Each structure stands twice: as C-alpha cells, then as structure tokens.
Amino acid sequence: MAGAPQSALPWYEREDTWAIIIGLGLTFLITIAFFAGGMGFFKTMAVSISSWEFGKMDKLWVSLGKSTTGMIYLFVFFMAAFCVAAKTMKLNVGNYAAGFTVLFIISLFITALGGNGTLKWFQLETPVLALLFGMLVSNLVTLPGWFKSALKTEFYVKTGIVLMGATLPFTIILQAGPMAMLQATIVAATTFFSIFFAATKLFGLDPRFGACLGAGGSICGVSGAIAIGGACRAEKEHVSVAISLVIVWAVVMVVLLPIWCKALGMDAGPAGAWIGTSEFADAAGFAAAANMGDERAIKTFTLMKVVGRDMFVGIWALMVAYLSVTVWEKKDGNGNGKERVDIGEIWRRFPKFVIGFFVASIFTTILIASVAPKVGAAYSKDALGVIKTLRGWTFTWTFLSIGFTTRFRELTATGWKPFAAFTIGVLINVPLGYWLSNHVFVDYWLNVK
Amino acid sequence: MSEPYKPMVNHLTRIILNLVEDPVPYDIITRQGTPSPGSVRSFGEHLAGRAGRVAAMMEALAARGFVFKLEKNRVLADSETMEAQDAKRYLLSQGFADNEFQVLLEYARKWDVL
C-alpha cells in the first residue's frame, strides 16, 4: 500500500501479500476449472479485442459485441478481488471501487484503440497509448481523489508479475536465470558505481545521496531508490530526487527502447533482455517490452528484470547499510561505527511478490510435467492462455496508472548535479545493456521461446 | 541542496532496543569457572542494567514522540516524523552508545508513483 511503510503493517495488510494471493489464487482457480472441465467462465472473461483498421470499423464492433459478457465477468471478478484487498489494506473501498470502474472503462477504450493497425504502425500499441493517455490527462487536469485511490501501479504490476510466473516455465528460469543474473550483475554494478562515483567524486554529493541515485539507475528503479535510501538512511529529499529522476528517465525509455530495438532489427528475445537491463522500473519496463508485441520480449524482460535485478536488492541493501554505518556515518561523527547491521536486512528489503512469481512458475511447470503430454498441451493452451490474457489486463491497468500518476509538476526539483550523475549512468547502462543482450549473451536470449 | 523539494516518500524510523543483548552474555556466569550463586546474581544485575538502559532510551525517545511495541525480546520504537539520522544523533547526544541500539529506516511512496 502506498503511503505506509510496509514494516508498520501486519503481513495481511501488505500490497505484496495481496498481489500474491490474487495472482496465485487466480492461477489455482483456473487450474481447478480446467481439470473440472468448467473453463467457460474464465474463457469468456479472457477478453481479447481483434485488430481493426480505420475505414473498416465493423470488425471492431463485432469484436466488442462478442466480448460484452466477458467484459462484465472481467470487471466483476477483478473488482471483487481488488475490493477485498483494498478493504483489508484499509483503503476507502467506495472510492477505490468508483476509481477502478473508471480505470476499467478507460482500459477497454485504450485496448480497443491499441488494436488499430495504423496506430500500431506508428509504434502506438496499447502499453504506450495507455501511458501517453494517462500522462496527458493527469498533466492537464487535476484528478479527483477517489479516482487516484484506484491508481495502484505497484499493486497491479506485482499481480501481473505473479501471473507472469504461471506462464513462464520454471525450466526456462533455471536455464536462463543464471545468465540473467550474470548480465544483470555486470550492468547493475557498472551503472551503480558509475553514478555513485560521478555523484560523490565529480559533483561532491553526499555518499548516501549517491547510493540512492545509483540504486535508482541500476537495481530496480523507484523500489531500488527507496530500499537503498532506507538501508543507508539517506534523507527524504535525496530519495525524492532519485525517484523523480527514475520516473523521468523511465518514461523516456518506455518510448525510446522499443523504437531503438525495432530500428536496430533486434529479435524479440534480445530486445526484451535489453529492455530488462536498461529500463529503470518494472512497470515501465513491462510497458516497453509489451510494446514489442511479442511474448518472447516479455519473457526475457521478466528474466532480466525480476530474476536478474529485483531479487538482489536485499543484498545491495545489506552492503550499503554496512557501508553507511561503518564509514559514512562514522566520518560524519554520527556514531563510532559499532551499531549492529544484521543480515535480516536482506529479507527485509527483499521484494516479497517475487515469491509468488516463483511459486506460480514452479506450480504450473510441475503440473504440466506430471500429466499426460496431451493434457499438458491442452492446459498450456487453454488455462495458461487465459492467464496470459488476464495478465495483459493487469498490465494495462498498470500502464494507465503509471500515466495517471506521472504528474511532472509534482516531481521534485532535482538540481543539475544529481541529474548529471544519473544521466552519466544512463549513458553507460543503455549501450552496455545493448552490447550484452545483442552480442555477448545473444544466443541465450534467442533461445528463450 | 538549496532547491525546494516535494517529498515523494513517507518514512518510518524504527529504533530497535534489545532487552537482552544478542548473544546473551552467559559468560558472566562462567567467567570464574563453574557457575555459582554469585555469578548468577551478577548475570541478573547485568540484565537489570541492560533493562535500565533500554528504559532510559525509551524515555528519551518518548520525549520525541516515538511510540513503542514489544516484539519477541525487543522493544521497537517507531516514529513517522523524526528522520533516522536525527534519531541516532539524538540518542548519542543523550549519552547512549551506538552499539546499544539499532536504527532502521523504511521509506514508502507517498502516492502510487511508478
């Protein structure tokens, strides 16, 4: 839940808990329905709108007409699930429900628009359209509070990532995971230290500030800046500046990375890996990867971002916490470096929703391996096909939420020094990510199907 | 930095006060060889001394608006207003050493940005 630090909340009121419950719950329900022979409800709910062209709108109207019942099911199911979560997370359920209703209607409109052939030709697929539409509205109009309460970017993306786990075979994670970790470590370490040293040595900024900027640009965007900012006890101001820079660069990269991938003629696998390496935030990265219009890009993006980068934020946090206590604070005269830093820091900062991602992946992989090949193939096509479509809807709500919450006038003034330090990191990260994804490790990424 | 800024995060500063040191100083009992009533009494006095230090830190923190809860064998002192560095500086200024407490800081998005 945004607004309240998670440590202050019991486990059942935490956003990650509910993302796991909804993602895994949906996976289990669909599996039960598949084996009970009752997939009708879920198949209807998995609304997918056909492609259409401006002069031939009939196809769109027919597709929308056929999907009416599905849209109602989709709305009712997620509204119910999210409202239970909202109630437990102590949100105003009335406001949330009203806001989600509007968000859902907009998502239908954007998804329909995203199916247009001409817009697709201009690279304006649903993710980018959702993002641009949200940004346009939120930067022109003051959004009402009840609507803002439904803009749960992190909650939707975490739910989507758990569902992503169900559709990503664990065997792929095992095969490509170590490579993702290696590539992510190379890029994260290079970028982190580039930003950190630029911030501290070139521009004379506080090392804790440098660590926040470095984490935002290298580990996992806003979540990284927040986790590392907490671990090294950076000031609120430093974390806010790092968040602002992450948002600005993430939005720029959502647009630029897919364009560059296509312009450079990259295959979907390496393209997704590059986006996973060089995009600064999970939600924005999913938008960029989805904009490639190929499932393989989403898979390699997830491997890089979730498995390669997000998982290790706890280890970075422990290192930075130790440095902060023993070096930086001691130097400032704030203690003699004897304060205890415990290893629990790793778990404390670990993004818990990742557990749901792995459980979902292991569950469906074991299930497919343990049934007859024909049944496994049918499960992959029907059950996982439905999960994939539903996952797409959670991402669309994510992309809209990013747009609606990216209000540039509310970003913190960053000053030129932090901006320059962060930009140095971007200039190193992006070409390095391209080189590693499309040259050094290209064979691995091409093999992810 | 001199530029005005808009805080984009909320924070929770948590001071962890272990009621018993970790590891528990059982060596007080065995320091003179075999355990004796006197060494156990010394151990008890040591624990009482520690409890007294924790109580004193709690009093100092309460004066700065911290609220307390008990978790296992430790007292957690939470504040959503005092920043972590300031809290540490404050405790040190009150005569406590930095190995007597542990500071945790957690940030959360103020609104649902990215």
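Counting of residues starts from 1 at the beginning of each chain's written sequence and follows it residue by residue. Whichever chain is written first becomes A and whichever ligand is written first becomes 1, with later ones labelled in order. Given that the model is predicted, a residue must reach a pLDDT of at least 70 before its local features are reported, and side-chain atom pairs must reach 80 or more before they are shown or counted; all residues, however, enter totals for whole chains, interfaces and linings. Computation of side-chain values covers all heavy atoms of the structure but excludes hydrogens and water.

1. Quick notes on the pairing of strand E1 (residues 9–18) of chain B
Residue and element names in this part refer to chain B. In terms of burial, E1 is a largely internal element, ten of the ten residues being buried. Categorising residues by exposure relies on relative accessible area from a 1.4 Å probe, with only protein chains included: less than 20% of the type maximum marks a residue as buried, more than 50% marks it as exposed, and the intermediate range marks it as partly exposed. Put simply, DSSP H or I for four residues or longer makes a helix, DSSP E for two residues or longer makes a strand, and each gets a number counted from the N terminus. Residues Val9, His11, Thr13, Ile15 and Leu17 point to one face of E1 and Asn10, Leu12, Arg14, Ile16 and Asn18 to the other, with burial holding for every one of them. One bridge is not enough; two strands pair if DSSP finds at least two bridges between them. Taken together, the eight bridges between E1 and strand E4 (residues 102–109) define a ladder with antiparallel strand orientation. Following the sheet pairing, arginine 14 is matched in E4 by leucine 104. Here six bridges tie E1 to strand E3 (residues 74–79), and the two strands are oriented antiparallel to one another. When the sheet's bridge partners are listed, isoleucine 15 is paired in E3 with alanine 77.

2. A closer look at the interface of chain B and chain A
Residue contacts follow a heavy-atom distance rule, with two residues in contact if any of their heavy atoms lie within 4.5 Å. If you look at the interface, chain B gives 36 residues, while chain A gives 59 residues. By buried area we mean how much accessible surface two parts lose on assembly, using a 1.4 Å probe and totalling the loss over both. Regarding the contact of chain B and chain A, the summed buried area is about 4,300 Å², with carbon and sulfur atoms giving 53% of it. Only one rule defines a salt bridge in this text: a Lys or Arg side-chain nitrogen within 4 Å of an Asp or Glu carboxyl oxygen. At the boundary of chain B with chain A, the tally comes to four salt bridges. N or O atoms closer than or at 3.5 Å make up a polar contact, with two conditions inside protein: a donor-capable atom paired with an acceptor-capable one, and, for residues adjacent in sequence, both atoms drawn from side chains. Inspection of the region where chain B meets chain A yields 19 residue pairs in polar contact (both at pLDDT 80 or more). Only E1, helix H3 (84–93) and E4 of chain B provide two or more residues apiece to the side of chain B that touches chain A. Considering every element that reaches the side of chain B that touches chain A, the biggest residue donor is E4(B), with eight residues. Partitioning the side of chain B that touches chain A into residue classes produces 18 nonpolar, six polar and twelve charged. Ten residues, namely Ala, Val, Leu, Ile, Met, Phe, Trp, Tyr, Cys and Pro, are considered nonpolar, four, namely Asp, Glu, Lys and Arg, are considered charged, and the remaining ones, Gly among them, are considered polar.

3. Some thoughts on the packing of aromatic side chains
All names here are of chain A. Only rings of Phe, Tyr and Trp enter the pairing, Trp through its six-membered ring, and a pair is recorded when the two centres are within 6.5 Å. The plane angle decides the type: under 30 degrees is stacked, over 60 is edge-to-face, the rest tilted. The full count for this structure, using the stated rule, is 50 aromatic pairs over all chains. Ring geometry for phenylalanine 78 against phenylalanine 82: centres 5.5 Å apart, planes inclined by 45 degrees, an arrangement best described as tilted. Here phenylalanine 78 and its partner phenylalanine 82 are both found in helix H4 (residues 68–88), four residues apart, which amounts to about one turn of the helix. Like phenylalanine 82, phenylalanine 78 is buried. Between the aromatic rings of phenylalanine 395 and phenylalanine 399, the centroid separation amounts to 6.2 Å while the plane-to-plane angle is 20 degrees, which identifies the pairing as stacked. Residue phenylalanine 395 and its partner phenylalanine 399 are both found in helix H19 (residues 373–405); the two are separated by four residues, about one turn of the helix. Here phenylalanine 395 and phenylalanine 399 have matching classes, each one buried.

4. Remarks on the nonpolar core
In this structure, A:Phe78, A:Phe100, A:Leu303 and B:Ile15 are the most contacted members of the largest nonpolar core, which totals 182 residues. A per-element tally of this core places helix H12 (residues 236–263) of chain A first, with 14 residues. Each residue touching A:Phe100, except ones within four places of it in the same chain, is listed here: A:Phe75, A:Phe78, A:Met79, A:Phe82, A:Ala150, A:Tyr156 and A:Trp397. We call a set of buried residues a nonpolar core when its members are Ala, Val, Leu, Ile, Met, Phe, Trp, Tyr or Cys and they connect through side-chain atoms within 4.5 Å of each other.

5. Notes on the packing of helix H10 (residues 170–202) of chain A against helix H18 (residues 353–370) of chain A
All names here are of chain A. Helix axes are fitted only over the stretch in contact, all axes being lines through C-alpha atoms; the angle between N-to-C directions runs from 0 to 180 degrees. With their axes 8 Å apart at the nearest point, H10 and H18 run at an angle of 120 degrees to one another. Relative to H18, the element H10 is oriented oblique. Side by side, H10 and H18 meet where Phe170, Thr171 and Ile173 of the first sit next to Phe357, Phe358, Ser361, Ile362 and Thr365 of the second. For the contact of H10 with H18, a count of residues per class yields five nonpolar, three polar and no charged. Should an angle fall under 35 degrees it is called roughly parallel, over 145 degrees roughly antiparallel, and 65 to 115 degrees roughly perpendicular, with every other angle called oblique.

6. Quick word on the side chain of A:Lys158
Residue and element names in this part refer to chain A. Along the chain, the position of lysine 158 falls in helix H9 (residues 153–167). Side chain to side chain, lysine 158 and glutamate 15 meet in a polar contact 3.1 Å long. Setting aside residues no more than four positions away along its own chain, lysine 158 makes contact with Glu15, Asp16, Ala19 and Phe353.

7. Examining the pattern of salt bridges
Residues and elements named next belong to chain A. This model, assessed by the stated rule, comprises 26 salt bridges over all chains. Salt-bridge contacts for glutamate 345 lead to arginine 349; the nearest nitrogen and oxygen are separated by 2.7 Å. Taken together, the residues span about one helical turn, with glutamate 345 and arginine 349 both in helix H17 (residues 344–349) at a distance of four residues. Both residues of the pair, glutamate 345 and arginine 349, belong to the buried class.

8. Some words on helix H13 (residues 268–278) of chain A
All names here are of chain A. The element H13 is extensively covered by neighbouring structure, given that eleven of its eleven residues are classed as buried. Listing the buried residues of H13 in full gives Ala268, Gly269, Pro270, Ala271, Gly272, Ala273, Trp274, Ile275, Gly276, Thr277 and Ser278. Those residues of H13 that are buried are in contact with H10, H12, helix H14 (282–290), helix H15 (295–309), helix H20 (416–440) and helix H21 (442–446). Residue aspartate 267 occupies the N-cap position of H13, its side-chain oxygen lying 3.2 Å from the main-chain nitrogen of glycine 269.

9. Focus on H18(A)
Residue and element names in this part refer to chain A. The terminal C-alpha atoms of H18, which comprises 18 residues, lie 26 Å apart, in line with the 26 Å expected from a rise of 1.5 Å per residue. Residues of H18 that are buried: Phe353, Val354, Gly356, Phe357, Phe358, Ala360, Ser361, Thr364, Thr365 and Leu367. Next to the buried residues of H18 lie helix H1 (15–35), H9, H10, H14, H15 and H19. Helix span, expected: 1.5 Å multiplied by one less than the number of residues in the helix.

10. Details of the pairing of E4(B)
Within E4(B), eight of the eight residues are buried, which leaves the element mostly enclosed by the surrounding structure. The two faces of E4(B) match: B:Gln102, B:Leu104, B:Glu106 and B:Ala108 on one face and B:Val103, B:Leu105, B:Tyr107 and B:Arg109 on the other face are all buried.

11. Topic: the confidence of the model for chain B
Residue-level confidence of the predictor is summarised by pLDDT, bounded by 0 at the bottom and 100 at the top. Per-residue pLDDT for chain B has a mean of 90; in total, 93% of the residues score no lower than 70. Mean pLDDT values for the elements of chain B range from 88 in helix H1 (residues 27–30) of chain B up to 95 in E3(B).

12. Overview of the sheet that holds E1(B)
One open sheet holds the four strands; their spatial order is E2-E3-E1-E4 (chain B), and the pairing between them is antiparallel. Unpaired on one side and paired on the other, strand E2 (67–71) and E4 of chain B mark the two borders of the sheet. For this sheet, the mean angle separating the axes of adjacent strands, direction not counted, is 25 degrees. Against the sheet, helix H11 (residues 207–231) of chain A touches E1 and E4 of chain B, its axis set at about 160 degrees to E4(B).

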